[in-house]
Amino acid sequence: MSGTAKRTVTLTLDGSNKSSTLPLLDGTIGPPVADIRKIYGDLGIFTYDPGYGATAACDSKITYIDGDQGVLLYRGYPIEQLAEHSNFLEVAYLLLNGELPKPAELVEFQKGVTHHTMLHEQLRSFYNGFRRDAHPMAVMCGVVGALSAFYHDSLNIYDPDHRRISAFRLIAKVPTIAAWAHKYTVGQPFMYPRNDLGYAENFLYMFHGVPAEEYKVNPILARAMDLIMILHADHEQNASTSTVRLAGSTGANPFACIAAGIASLWGPAHGGANEAVLKMLAEIGHVKNIPAFLADVKDRNNHAKLMGFGHRVYKNYDPRAKIIQKACHDVLGELGIKDDPLLDLALELEKIALNDKYFVDRKLYPNVDFYSGIILKAMGFPTSMFTALFAVSRTVGWISQWAEMIEDPEQRIGRPRQIYTGPTQRDYIPPGQR
Ligand code: SDX
């Protein structure tokens, strides 16, 4: 634990002479944490925090979020600066290694990724086991998890070289796996990765290209793809990252852990929200229907949510949403899409919601998913692929957080406790007496 205990917080148990003095640990920025590890020994109590909204599960140096100020830092660098000046592979190096690469280091890293983009030929047959209409995230879960059956040479998670090669393999192969999931759905031949293309270009080539003709990567789309990948690369201890850490804490191999992260990301409350936003906008259909939709969202008996709004941490505008909103305008303009009805509807929905007491009182602002679907649709991606693209980007964040956990000397198997409110002990009742 890099924090230092300069201060303490003391809890006393009503009706007893018991108290527990807990070290208050300071990080470099952000709120201090009370180290509660001895609370059960001192007071015989657990803490209760469903959804872990007030629980620091680990000591991390990778990503910092200030939800009130709308700040996002990757290894200390503001997301706005990385979005403007960097590229995805440089950000991937930063997340994995903690520092921006020197030019020669970046070249080496790019070579490492480029030379692991191909899949074992037998992995192709995994796709044939799926229905053609399988959701790409189902395919991603299956094929990424299956990678552990192909790389017996790098499953010792305590060997730094094994961790390093697994990171290269996962970062390099997930775009191929995702692109092939789409090709399988549309019945087109798989496109093999090309070593002469950059990371985002290669993905676009494998996704949109066909063997029948040359595919020229549109630089506008490539830059937009790279930007989207930067913005989705990591995000502190979100649900899927926490899933990867928990799976990794048991000693499971990195491929299985990343597959678990993909499964967790799929949920509409998390990475599946970008797909859900497009469905929501399609259901609303027209600006005139916004008031009725928002009335449904505010109706306690209704379970409608304003998808793409709200966040467990951001109680201000998600900085990534601001960047993507601007990119939407740029990309649509550069693609010659004068006015995109979906974007117009989203902008109007945002304007109305941000002035509506229900959302203002609950500090509900657009998050990264509110605009990402619009730009991805404009770039020609089917809605069903949106979360798979999120998974492609987030893989480097997951693997960075996984490696940090493995290297953490305080790392233990994750095993939360509970408050039990079920039946007290009772005896078995034979069937005839029930
Ligand atoms: C991502 O964690 C991360 O970092 C995730 C992520 C990442 O990069 O990894 O940022 C990616 O997952 C972004 C979030 C994408 N999800 C959505 O857009 C789905 C819609 N959002 C909600 O489901 C919700 O806002 C969550 C899941 C994101 C957050 O859930 P919380 O923390 O449980 O919500 P909350 O406690 O802040 O809610 C406070 C109130 C509640 O109402 P009351 O009980 O107080 O009356 O706001 C309501 C909620 O019901 N509320 C919403 C709402 N989100 C919260 N009401 C309507 N629409 C919404 N979107």
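Worth saying up front: this structure is predicted, and the values here are computed from it rather than measured.

S.K.: Quick rundown of the sheet that holds strand β6 (residues 77-78)? Include the residues and the values.
M.R.: The strand order β4-β5-β6 describes an open sheet built from three strands, whose pairing is antiparallel. The strands lining the two open edges of the sheet, one partner per strand, are β4 (63-66) and β6.

S.K.: So, the site of the ligand: which residues are in play, and what are the values?
M.R.: Every one of the 25 residues lining the ligand counts as a neighbour, but His235, Arg300, His311, Arg312 and Arg320 are closest to it. Between the ligand and Leu306 there is a distance of 2.8 Å, counted from a nitrogen atom to a backbone nitrogen or oxygen. Between a nitrogen atom of the ligand and a main-chain N or O atom of Phe309, the distance comes to 2.9 Å. Bound to the protein, the ligand loses 77% of the 1100 Å² it would expose on its own. Among the residues making up the shell around the ligand, the classes are represented as 10 nonpolar, seven polar and eight charged.

S.K.: Before we move on, could you go through the layout of surface pockets and cite the residues and values that matter?
M.R.: In this structure, the second largest pocket encloses a volume near 580 Å³. The wall of the second largest pocket is formed by 27 residues, among which Leu96, Asn97, Arg164, Ala403 and Glu407 lie closest to the centre. For the lining of the second largest pocket, the secondary-structure elements that each account for two or more residues are α3 (88-97), α4 (103-114), α7 (160-186) and α18 (386-407). Per element, the largest residue contribution to the lining of the second largest pocket is six residues, and it comes from α18. When its residues are assigned to classes, the lining of the second largest pocket shows 13 nonpolar, four polar and 10 charged.

S.K.: Mind laying out the side chain of His235, listing which residues take part and the relevant values?
M.R.: Assignment of secondary structure puts His235 in the loop between α9 (219-231) and α10 (239-248). Polar contacts involving the side chain of His235 include one to the side chain of Tyr314, which spans 2.9 Å. A polar contact of 3.4 Å, which involves the side chain of His235, links it to the side chain of Arg320. Leave out the neighbours within four places in its chain, and His235 touches Thr63, Ile65, Leu72, His311, Tyr314, Arg320 and Arg394.

S.K.: Residue-level account of the pairing of strand β5 (residues 71-74), with values.
M.R.: Consecutive side chains along a regular strand alternate between the two faces of the sheet. By the bridge criterion, four bridges tie β4 to β5 in an arrangement that is antiparallel. Bridging from a neighbouring strand, Thr63 pairs with Tyr74 of β5. Where β5 meets β6, two bridges bridge the pair, whose relative direction is antiparallel. Paired with Leu73 across the two strands is Pro78, which belongs to β6. Once β5 ends, the chain turns through two residues before running back antiparallel as β6, passing Arg75 with a positive phi of about 50°.

S.K.: Before we move on, could you go through the state of the cysteines and cite the residues and values that matter?
M.R.: Counted according to the given criterion, the structure contains zero disulfides. With no disulfide of its own, Cys58 lies 14 Å from the sulfur of Cys257, the closest cysteine sulfur. By relative accessible area, Cys58 is classed as partly exposed at 26%.

S.K.: Tell me about the pairing of β4, and name the residues and values.
M.R.: Burial of β4 is one-sided: the residues Thr63 and Ile65 facing one way are buried, the residues Tyr64 and Asp66 facing the other way are not. The antiparallel pairing of β4 with β5 creates a hairpin that spans four residues between the two strands, and Gly70 there sits at a positive phi of about 65°.

S.K.: Tell me about helix α6 (residues 136-146), residues and numbers included.
M.R.: Most of α6 is tucked away: eight of the 11 residues are buried. Looking at α6, one finds that the buried residues are Pro136, Met137, Val139, Met140, Cys141, Val143, Val144 and Ala146. In this structure, the buried residues of α6 make contact with α5 (124-128), α7, α11 (254-265) and α18.

S.K.: Kindly report on unusual backbone geometry, identifying the contributing residues and their values.
M.R.: One non-glycine residue, Glu236, lies in positive phi territory at about 60°. Residue position: Glu236 is located in the loop between α9 and α10. Given a relative accessible area of 25%, Glu236 falls into the partly exposed group.

S.K.: Help me get a handle on the pattern of salt bridges, residues and values and all.
M.R.: In this structure the tally under the stated criterion is 19 salt bridges. The closest approach of N and O atoms between Glu121 and Arg124, which form a salt bridge, is 3.9 Å. Residue Glu121 is classed as partly exposed on the basis of its relative accessible area of 42%. You can call Arg124 partly exposed: its relative accessible area is 27%. For Arg223, the salt bridge identified is with Asp226, shortest N-O distance 3.4 Å.

Quick notes on the rules
Residues numbered from 1 in each chain as written. Predicted model: local features only at pLDDT ≥ 70, side-chain atom pairs only at ≥ 80, totals over all residues. Heavy atoms only, no water. Pairing = 2+ DSSP bridges. Helix = DSSP H or I, 4+ residues; strand = E, 2+ residues; numbered from the N terminus. Near = heavy atom within 4 Å. Polar contact = N/O pair within 3.5 Å; in protein donor to acceptor, adjacent residues only side chain to side chain. Areas by Shrake-Rupley, 256 points an atom, 1.4 Å probe, with all protein chains shown as cover. Nonpolar A, V, L, I, M, F, W, Y, C, P; charged D, E, K, R; others polar. 1 Å grid on protein atoms, 1.4 Å probe; cavity = no way out; pocket = protein on both sides within 12 Å on 5 of 7 lines; lining within 4 Å. Points joined across faces, edges and corners; volume = space filled by probe spheres on them. Contact = heavy atoms within 4.5 Å. Disulfide = S-S within 2.5 Å. Buried < 20%, exposed > 50% of the residue type's maximum accessible area, 1.4 Å probe, protein only. Salt bridge = Lys/Arg side-chain N within 4 Å of Asp/Glu carboxyl O.

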